Amino acid sequence: MNPINSCPQPTNRQVEVADILRTHIGDYLKKYKMPPEHYKVVYDILNCRTAYLGGHVEMCDQCATERILYNSCRNRHCPKCQTITKQRWLSARQAELLPVKYFHNVFTLPHELNPLILCNKPLMLDFLFQASSQTLMQFGKNPDNGLGGKLGIIAILHTCTQTLMDHFHLHCLVPGGVLTDNGKEWISSKGEFLFPVKALSKVFRGKFISYLENAYSKQQLCFPGNTRALGTRQGFRRLIKQLWSKKWVVYTKPPIDRPEWVLDYLGRYTHRIAISNHRITDFSDGRVTFTIKNRKRKTTETVTLDAVEFIRRFLLHVLPKRFMRIRHYGFLSNRSKKKNIGLCRLLMNLSSDIPVVQDQSVQAIMMAQAGIDILRCPSCKQGTMKKIYDIPEGSGNSSFHILRPSSVSDKDS
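What counts, and at which threshold
All residue numbers refer to positions counted from 1 along the written sequence of the respective chain. Given that the model is predicted, a residue must reach a pLDDT of at least 70 before its local features are reported, and side-chain atom pairs must reach 80 or more before they are shown or counted; all residues, however, enter totals for whole chains, interfaces and linings. To get the side-chain values, take all heavy atoms of the structure and skip hydrogens and water. Axes here refer to lines fitted to C-alpha atoms; in helices the fit is confined to the stretch in contact. Angles between the N-to-C directions go from 0 to 180 degrees. Secondary structure elements are defined from DSSP: runs of H or I of at least 4 residues count as helices, runs of E of at least 2 residues count as strands, and each element is numbered from the N terminus. Oblique is the label for any angle not covered by the other classes, which are roughly parallel (under 35 degrees), roughly antiparallel (over 145) and roughly perpendicular (65 to 115). A contact between two residues is defined here by any heavy atoms of the two lying within 4.5 Å. Amino acids outside the nonpolar list (Ala, Val, Leu, Ile, Met, Phe, Trp, Tyr, Cys, Pro) and the charged list (Asp, Glu, Lys, Arg) are all regarded as polar, and Gly is one of them. Exposure is judged per residue with a 1.4 Å probe applied to protein chains only, and the accessible area is read against the type maximum: over 50% gives exposed, under 20% gives buried, and values in between give partly exposed. Strands pair, by our definition, only if DSSP identifies at least two bridges between them. To define a nonpolar core, start from buried Ala, Val, Leu, Ile, Met, Phe, Trp, Tyr and Cys residues and group those joined through side-chain atoms within 4.5 Å. A side-chain nitrogen of Lys or Arg and a carboxyl oxygen of Asp or Glu constitute a salt bridge if their distance falls within 4 Å.

(A) View of the packing of helix 6 (residues 197-217) against helix 7 (residues 233-245). Contact pair helix 6 / helix 7: the axes reach a minimum separation of 11 Å and the direction vectors enclose 175°. Comparing their axes, helix 7 and helix 6 come out roughly antiparallel. Contacts between helix 6 and helix 7 involve R205, G206, I209, L212, E213 and Y216 on the former and, on the latter, R233, F236, R237, I240, L243 and W244. Across the contact of helix 6 with helix 7, the residue classes tally to seven nonpolar, one polar and four charged.

Here's what the structure looks like:
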């Protein structure tokens, strides 16, 4: 049975990742096997904003125009479901900003580790978070760096390059200063850079390799397929030697001087998926063309891939179920963040009260971001659209009929 309903190629509208999946996921499955989490992502993207997920019907209170709105899948890998989530997350962070410089460090894993990471994502990506955060915390605690206290860190995982290849790195945004251990002093950082990147790189490398060796000794790593040779004692020692011989990349960007710019800055990195729909410029004859930014030349260019290869690269960046790609450390850790931020503000001679941020409605977010009143009638432009009845989930046919694991039914936040 053909797993995909027949569907004409999209015309006169933005090409979407869903269009490519709908047309070529069958070809992909002839060549590759999909784990349950990949089924879940494909299933959600194909059914996003369709009758299969249900929705509701609205009617204008002035001219009686009706429209149908279908529910979103809310999958974090879906190109259509991140805008509202991102804006609500950024609004919640606004109350936590401190009136200091914010520093941005990027910790990158060597590409020699990529095959092993892809086979052991939860463990290896946890090591990246732990090694990076502990490196920064260690440097912040050292009084020789002009600080000597606890840093605050927001760490955001990215997994790909502009061409959708695997490239595992962590963006760390750090307020410029520390809270002393006794909680009685805020020490501001000096200078244009937080810590020397060469020193950070060496400590980061050492910590990550230590985690890797410990996991190998406890037989926590798996070595399937083309990684099998790395699982032998000789192959693993060869890998470790290679990792020690490399200069690991830790990059620091210029600090953000004004706290009100921090949210803008964060918005570029949080809730980013492998590729957004607006980057896809053409989909025809089994090939996909999309834009990339060439940072060396400072130009926008295009890349064309076979559709099956495009799907393969897209699915490389599916994260494990319930894996947290945004984490907080130090005085910004979730357990004590509210208390610590209030204390930091008090030590800066500010009110310790942190503003309470209410969840914004979808209508308010769309008005602020795009200037669109989504409740205004699209026909008469005067009336307000009001819900008249719900469309139950499962009212339409699913776009993905392959016999799939039961985990597909679990919601992916």
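Once the structure has been displayed, the description carries forward.
(B) Just the pairing of strand 4 (residues 152-160), in detail. A large share of strand 4 lies buried, amounting to nine of its nine residues. As paired elements, strand 4 and strand 5 (residues 166-175) share six bridges and run antiparallel to each other. Of the residues in strand 5, the one forming a bridge with I156 is H171. Between strand 4 and strand 5, which pair antiparallel one after the other, the connecting turn spans five residues, and L164 there sits at a positive phi close to 70°.

(C) Region of interest: the nonpolar core. Counting residues in hydrophobic clusters, the biggest one holds 46 residues, and the most contacted among them are L109, L113, M124, L136, F208 and L212. Looking at this core, the elements with two or more residues in it are strand 3 (102-108), helix 4 (114-119), helix 5 (121-141), strand 4, strand 5, helix 6 and helix 7. Counting residues per element, this core draws most heavily on helix 5, which supplies eight residues. Membership of the second largest hydrophobic core comes to 38 residues, among which are I275, I280, I311 and L315.

(D) Region of the structure containing the sheet that holds strand 9 (residues 280-284). The three strands lie next to each other as 9-10-11, forming an open sheet whose pairing is antiparallel. Looking at strand neighbours, the two that pair on one side only are strand 9 and strand 11 (299-306), the edges of this open sheet. Neighbour-to-neighbour, the strand axes of the sheet open up by a mean angle of 25°, direction not taken into account. Pairing geometry for strand 9 and strand 10 (residues 287-294), over four bridges, is antiparallel. Directly across from D282, in strand 10, lies its bridge partner T289. Strands strand 9 and strand 10 of the sheet are contacted by helix 1 (residues 17-31), whose axis makes an angle of about 20° with strand 9.

(E) Fine view of the pattern of salt bridges. Summed over all chains, the structure comprises 16 salt bridges. The salt bridge involving D19 is made with R22; its shortest N-O contact spans 3.5 Å. With D19 and R22 both in helix 1 and three residues apart, this pair spans about one turn of that helix. Summarising the burial analysis for this pair, D19 and R22 share the class buried. Between D390 and K387 there is a salt bridge, with its nearest N and O atoms 3.3 Å apart. Within the structure, one salt-bridge network assembled from shared partners comprises E309, R312 and R313.

So, to be careful, I would describe these as geometric facts and stop short of saying anything about function.
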